Amino acid sequence: MAQRFKALRDHSGLLRHLVVTNLRLRYHGTFFGFFWTVLNAFAMITIFTFVFSYILRVQIRAFPVFVFCGYVPWLFFSSSLINSCYSLYRSQALMEETYFPREIPVI
């Protein structure tokens, strides 16, 4: 286990490069950029709060905080799982040509 972490630490430059490249490709040419992710989450939390508080009349104190505490971790988990699976597919040629720890594209 310690050897795995050492290998990841030794290849931290590659990890940093892949993260920066992924962020540039994801938000390149967008008007809002990274702010769009925050705006999207805020809009969903607002919609959930309106529907459950005013239409369905759920009686939970501080319901927006309740929704925030559930939605943000779920959003992180679901997008991480989808993007990690896709990253393995995307970096297939890179993994066949060079050696590096196979956890790096997933991270």
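Every value quoted in this text rests on a predicted model; they were computed, and no experiment measured them.

Conventions and cut-offs
Residues numbered from 1 in each chain as written. Predicted model: local features only at pLDDT ≥ 70, side-chain atom pairs only at ≥ 80, totals over all residues. Heavy atoms only, no water. Helix = DSSP H or I, 4+ residues; strand = E, 2+ residues; numbered from the N terminus. Buried < 20%, exposed > 50% of the residue type's maximum accessible area, 1.4 Å probe, protein only. Contact = heavy atoms within 4.5 Å. Areas by Shrake-Rupley, 256 points an atom, 1.4 Å probe, with all protein chains shown as cover. Lys, Arg positive; Asp, Glu negative; His and termini not counted. Charge placed at Lys NZ, Arg CZ, Asp CG, Glu CD. pLDDT = per-residue confidence, 0-100. Core = buried A, V, L, I, M, F, W, Y, C linked by side-chain atoms within 4.5 Å. Salt bridge = Lys/Arg side-chain N within 4 Å of Asp/Glu carboxyl O.

A.B. asks: I keep staring at the overall build of the protein and nothing clicks. Help me out?
C.D. replies: A count of helices and strands for the protein gives 5 helices and 0 strands. Counting helices and strands in the order they occur from the N terminus, the protein gives α-α-α-α-α. With the C-alpha coordinates of the protein rotated into their principal frame, the extents come out at 55 × 40 × 20 Å. Split into buried and exposed, the 107 residues of the protein put 17% on the buried side. By sequence separation, contacts in the protein at least 24 residues apart represent 47% of the contacts at least 6 residues apart. Carbon and sulfur atoms make up 69% of the accessible area of the protein, which amounts to about 8,800 Å² in all. Taking the 10 positively charged and 4 negatively charged side chains of the protein as two groups, their mean positions are separated by 17 Å.

A.B. asks: Can you walk me through the confidence of the model for the protein in this structure?
C.D. replies: Do not read the predicted coordinates in detail wherever pLDDT is low. In the predicted model, the protein carries a mean pLDDT of 87, and 100% of its residues have values of at least 70. Averaged pLDDT values for the elements of the protein fall to 82 in helix α5 (residues 92–97) and rise to 92 in helix α3 (residues 35–55).

A.B. asks: What exactly am I supposed to notice about the nonpolar core here?
C.D. replies: Looking at soluble globular proteins, one finds that nonpolar side chains tend to be buried together. Formed by A41, I45, F63, V67 and Y71, the largest nonpolar core amounts to 5 residues. Sorting the residues of this core by element identifies α3 and α4 (63–90) as the ones contributing at least two each. For V67, the residues in contact, after removing those within four places along its chain, are I45 and F48.

A.B. asks: It is not clear to me how the pattern of salt bridges should be interpreted in this structure. Could you clarify?
C.D. replies: Any two side chains of opposite charge can pair, given that their charged atoms come close. Counted by the stated rule, this structure contains 3 salt bridges. The partner of K6 in a salt bridge is D10, and the shortest N-O contact between them spans 3.2 Å. In this pair, K6 and D10 are both assigned in helix α1 (residues 2–10), 4 residues apart and thus about one turn of the helix distant. Of the residues examined, D10 reaches a relative accessible area of 47% and is grouped as partly exposed. One salt bridge in this structure joins D10 and R9, with 4.0 Å as the shortest N-O distance. R9 gets classed as exposed once you look at its relative accessible area, which sits at 56%.

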